[in-house]
Amino acid sequence: MKEEKIRLLIEGAYAQTPTLPGFWLKYDEFRDCFNELVKNQGEEIVDIDTELPRLYPDVSFEEQY
């Protein structure tokens with residue numbers, strides 16, 4: 001899948017996942033939403049755990065704080 005399409009699906013999943021205070025996401029819900037969007041597009045499986053840090057190097061996870 002092309003990088004641009006992956007970015008659009010990530011943004012779509014982010015938009016559909018409720019945010020917590022400080023713009024934090026429940027990552028499991030985000031990942032599930034992303035996977036569902038990929039599945040609905042009929043695209044190949046994408047490993048969001050690998051792609052997210054590659055496409056957005058500034059991404060942070062709670063355990064990093």
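Positions within a chain are numbered from 1, following the residues in the order the chain's sequence is written. Predicted model: local features are reported for residues with pLDDT of at least 70 only, side-chain atom pairs are reported and counted for 80 or more only, and whole-chain, interface and lining totals are derived from all residues. Processing note: side-chain calculations cover all non-hydrogen atoms of the structure and skip hydrogens and water entirely.

Colleague: I'd like to hear about the side chain of T17, residue by residue, with values.
Modeller: Helix and strand assignments follow DSSP, with helices taken as H or I runs no shorter than four residues and strands as E runs no shorter than two, numbered in order from the N terminus. With respect to the helices and strands, T17 occurs in the loop between α1 (3-16) and β1 (19-20). Per-residue accessibility, obtained with a 1.4 Å probe over protein chains only, is compared with the maximum for each type, and a residue is labelled buried under 20%, exposed over 50%, and partly exposed between these values. Classification of T17 as buried rests on a relative accessible area of 6%. A polar side-chain atom of T17 sits 2.7 Å from the main-chain carbonyl oxygen of A13. T17 has contacts with L25, K26, E29, F30 and C33, leaving out every residue within four places of it along the chain. In protein, a polar contact means a hydrogen-donor-capable atom and an acceptor-capable atom, both N or O and within 3.5 Å, with residues adjacent in sequence counting only if both atoms are side-chain atoms; elsewhere, any N or O pair within 3.5 Å suffices. Should any heavy atoms of two residues lie within 4.5 Å, those residues are counted as being in contact.

Colleague: So what about the pattern of salt bridges? Which residues, and what values?
Modeller: We count a salt bridge whenever a side-chain nitrogen from Lys or Arg sits within 4 Å of a carboxyl oxygen from Asp or Glu. Tallied over the full model, the rule gives five salt bridges. With its nearest N and O atoms 3.4 Å apart, the salt bridge here joins R31 to D49. With R31 in helix α2 (residues 27-41) and D49 in helix α3 (residues 48-55), this residue pair connects regions lying 18 residues apart in the sequence. By relative accessible area, which is 39% here, D49 ends up partly exposed. For the salt bridge of R54 with E51, the shortest nitrogen-to-oxygen distance reads 2.6 Å. Pair noted here: R54 and E51 are both in helix α3, with a separation of three residues, about one helical turn. Through salt bridges that share partners, E3, R7, E51 and R54 make up one connected network.

Colleague: Lay out the packing of aromatic side chains in plain terms, naming residues and giving numbers.
Modeller: Aromatic rings from Phe, Tyr and Trp, taking only the six-membered ring of Trp, are treated as a pair when their centres fall within 6.5 Å; an angle between ring planes under 30 degrees marks them as stacked, one over 60 as edge-to-face, and anything in between as tilted. Counting across every chain of the model gives one aromatic pair. Here, over-ring charges are defined by two tests on the NZ atom of lysine or the CZ atom of arginine: distance to the ring centre within 6 Å, and angle to the ring normal within 35 degrees. Its end group placed over the ring of Y56, R7 keeps NZ or CZ at 5.0 Å from the ring centre.

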